[in-house]
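The lines below spell out each chain.
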Amino acid sequence: MATIFSPSALLSPSSSTVSPKSLTPPPSKPQNLPIQSSKPPLTNLTTTLTAVAAAAAILTTSSLPSLADSPSAAYKIYYGTAASAANYGGYGGNSSKEDSAEYVYDVPDGWKERLVSKVEKGTNGTDSEFYNPKKKAEKEYLTFLSGFRQLAPREVVLNNLALSDVGLLDLIGSADSVTSEETKDEKGQVYYVYEIDGVGAHSLISVTCTNNKLYAHFVNAPTPDWRRDEETLRHLHQSFKTVV
């Protein structure tokens with residue numbers, strides 16, 4: 001970039017003549033010289049465009065976290081009807097409305113619903129299921145059984161659930177630890193809470209009984225995903241409750 005110096009700007013006010021050597025100021029006494037640029041200075045718009053381009057380059061080279069990985073992940077409420085297989089509204093039938101719901105739980109935005117068939121619903125009582133599309137083994141689902149007026153002892157309930165769920169049976173059989181406790185909600189309804197720490201997977205289960213039905217809510221994840229997404233998965237577990 002060419003720089004133009006004005007001769008008059010280099011003259012000392014007390015000097016009438018200037019030798020060629022005096023045109024170069026001594027290093028110990030730098031002077032502020034007026035500089036005329038051959039190009040216009042950067043405008044605010046140019047600066048803004050440069051910043052936007054740099055941000056875009058960063059975003060295109062960075063991988064975005066999954067919803068479950070984000071501590072500020074948003075959730076939506078799922079309203080489950082727990083309808084019998086005979087009254088099930090087709091394959092899936094998960095277009096339940098809030099006013100007909102028997103239970104609710106949170107689902108992270110971005111998770112996908114797996115439609116449950118009438119056959120599956122009639123055999124093991126699965127009523128709804130959602131999974132993380134980026135980690136399909138990371139999921140939550142609910143099963144229910146009719147004809148239960150109250151909960152049996154905690155150990156009996158867990159063993160009965162395992163009889164109808166091969167995956168749960170295997171997880172319990174190879175678990176490093178299985179813990180259980182009894183809690184009550186603000187209405188005094190009793191919930192059994194189980195936590196199973198297996199060799200390759202982790203499971204949180206919440207079981208309650210009301211309206212002659214037993215509801216069991218499961219949150220499962222492989223061990224690496226559990227360690228990474230524990231905060232989100234515990235939120236899902238704690239969000240389950242019946243509304244009847």
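How each quantity is defined
- Residues numbered from 1 in each chain as written.
- Predicted model: local features only at pLDDT ≥ 70, side-chain atom pairs only at ≥ 80, totals over all residues.
- Heavy atoms only, no water.
- Helix = DSSP H or I, 4+ residues; strand = E, 2+ residues; numbered from the N terminus.
- Buried < 20%, exposed > 50% of the residue type's maximum accessible area, 1.4 Å probe, protein only.
- Polar contact = N/O pair within 3.5 Å; in protein donor to acceptor, adjacent residues only side chain to side chain.
- Contact = heavy atoms within 4.5 Å.
- Pairing = 2+ DSSP bridges.
- Axes fitted to C-alpha atoms, helices over the stretch in contact; angles between N-to-C directions.

Some points on the side chain of Thr 208
Structurally, Thr 208 is set in strand S10 (residues 201–210). With a relative accessible area of 0%, Thr 208 lands in the buried category. Within the local environment of Thr 208, its side chain forms a polar contact with the side chain of Gln 189, the two groups lying 2.8 Å apart. One polar contact links the side chain of Thr 208 to the main-chain carbonyl oxygen of Val 190, over a distance of 2.7 Å. Among all residues touching Thr 208, those that are not within four sequence positions of it are Leu 151, Gln 189, Val 190, Tyr 191, Lys 213, Leu 214, Tyr 215, Phe 240 and Thr 242.

Structural notes on the sheet that holds S10
As summarised here, the arrangement of the seven strands in space is S5-S6-S7-S11-S10-S9-S8, forming an open sheet in which the pairing is antiparallel. Across the chains shown, the open sheet's two edge strands, defined by having one partner strand only, are strand S5 (112–113) and strand S8 (177–184). Sheet strands touched by helix H4 (residues 154–163): S8, strand S9 (190–197), S10 and strand S11 (213–222). Its angle to S9, the strand with the most contacts, is close to 60 degrees. Packing against the sheet, helix H6 (residues 223–239) makes contact with strand S7 (135–146), S9, S10 and S11, and its axis sits at approximately 150 degrees to S11.

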